[in-house]
Amino acid sequence: MHDAVTVSSLVVHRGSREVLRGLSFGVPAGRVTGLLGPSGSGKTTLARAVVGVQRVRSGTVTVLGAPAGSPGLRARVGYVTQAPSVYPDLTVGENARYFAALYGRGAREAAAAVADVGLAGDAGRLVRDLSGGQRGRASLACALVGEPELLVLDEPTVGLDPVLRVELWARFAALAAAGATLLVSSHVMDEAARCDRLLLLRDGDLLADCTPAELRARSGTDDLEAAFLQLVREREQVAA
Ligand SMILES: Nc1ncnc2c1ncn2[C@@H]1O[C@H](COP(=O)(O)OP(=O)(O)OP(=O)(O)O)[C@@H](O)[C@H]1O
């Protein structure tokens with residue numbers, strides 16, 4: 001298995017702070033990799049670096065064989081930010097068809113993407129009339145419609161009920177099984193169990209780069225939240 005993304009010695013400063021402190025890792029192709037960590041640990045900054053919109057201080061980010069942000073990657077990489085990026089005065093279906101057209105896809109693909117995020121029944125509604133969670137899913141549909149090889153999703157399940165969360169994670173697994181690479185950030189540790197691989201971030205440092213099973217074995221607990229806390233404690237003891 002090859003890596004779709006390779007990050008090497010990545011350092012990012014935002015304002016006067018070093019928010020990513022020399023990270024190195026690979027994101028395996030055709031898998032769901034979870035980017036887990038508490039609020040402020042650097043997940044969004046790392047996602048931005050992967051899609052090439054973050055100024056980096058040093059290090060390299062290689063995506064699908066090219067430097068992150070290269071023009072040739074535009075149609076091959078999808079990015080869904082925490083703030084939904086859809087047009088409020090268009091319907092869900094119109095948004096999806098608009099993005100489909102940008103990617104050279106048609107109405108059929110647009111309808112499929114809307115159905116994939118559980119919004120088929122809301123396709124005719126204006127985005128401005130939707131709930132926050134529905135808007136987020138509309139935004140996700142607009143990224144899915146381009147069938148990108150790499151999909152970077154920043155906390156896509158925030159504000160969703162448990163049933164929809166499970167459905168979306170099943171959808172992510174299906175996309176990976178079809179060959180796509182997904183990098184999905186979350187601060188909910190129970191979502192970690194649904195990932196093939198985990199990157200655990202804390203204060204801009206990579207605490208672990210492993211599978212959920214490896215994390216459980218290493219910490220001797222089945223509870224991934226407890227395993228993460230144990231890693232934090234170990235790191236603090238080493239630093240002390
Ligand atoms: N525009 C900015 N200017 C200065 N510092 C910033 C800026 N954006 C983020 N930061 C800082 O960078 C650090 C990492 O932020 P980031 O948004 O990447 O974290 P996160 O893990 O995605 O958090 P959350 O889960 O709350 O979205 C934080 O300490 C944050 O305060």
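Quick summary incoming for the structure in this document. (Residues numbered from 1 in each chain as written. Predicted model: local features only at pLDDT ≥ 70, side-chain atom pairs only at ≥ 80, totals over all residues. Heavy atoms only, no water.)

What about the site of the ligand?
In the vicinity of the ligand, 14 residues are found, and the nearest of them are Arg17, Ser39, Gly40, Thr44 and Thr45. In this structure, threonine 45 approaches the ligand through a side-chain N or O atom, which is 2.5 Å from an oxygen atom. Here the ligand has 630 Å² of accessible area as a free molecule, and 65% of this is covered by the chains. Within the residue set of the shell around the ligand, elements represented by two or more residues are strand 2 (17-28) and helix 1 (43-51). The element that contributes the greatest number of residues to the shell around the ligand is helix 1, accounting for 3 residues. Class assignment for the residues of the shell around the ligand results in 2 nonpolar, 8 polar and 4 charged. (Near = heavy atom within 4 Å. Polar contact = N/O pair within 3.5 Å; in protein donor to acceptor, adjacent residues only side chain to side chain. Areas by Shrake-Rupley, 256 points an atom, 1.4 Å probe, with all protein chains shown as cover. Helix = DSSP H or I, 4+ residues; strand = E, 2+ residues; numbered from the N terminus. Nonpolar A, V, L, I, M, F, W, Y, C, P; charged D, E, K, R; others polar.)

Some points on the sheet that holds strand 2
Strand order in the open sheet made by the 4 strands is 2-1-4-5, with antiparallel pairing throughout. With partners counted over all chains shown, the strands left at the sheet margins are strand 2 and strand 5 (66-67), one partner each. Summarising the sheet, strand 4 (residues 58-63) and strand 5 pair through 2 bridges and their orientation is antiparallel. In the sheet register, threonine 62 faces strand 5, and the bridge partner there is proline 67. Sitting on the sheet, helix 1 is in contact with strand 1 (3-14), strand 2 and strand 4, with an inclination near 120° to strand 1. (Pairing = 2+ DSSP bridges. Contact = heavy atoms within 4.5 Å. Axes fitted to C-alpha atoms, helices over the stretch in contact; angles between N-to-C directions.)

Some remarks on the state of the cysteines
Should the sulfur atoms of two cysteines be covalently bonded, the bond is a disulfide. All told, the structure shown has 0 disulfides when counted by the stated rule. Note on cysteine 195: no disulfide assigned, nearest cysteine sulfur contributed by cysteine 210 at a separation of 11 Å. Since its relative accessible area comes to 6%, cysteine 195 is described here as buried. (Disulfide = S-S within 2.5 Å. Buried < 20%, exposed > 50% of the residue type's maximum accessible area, 1.4 Å probe, protein only.)

From the geometry alone we can't say anything about function, so treat these as descriptive.
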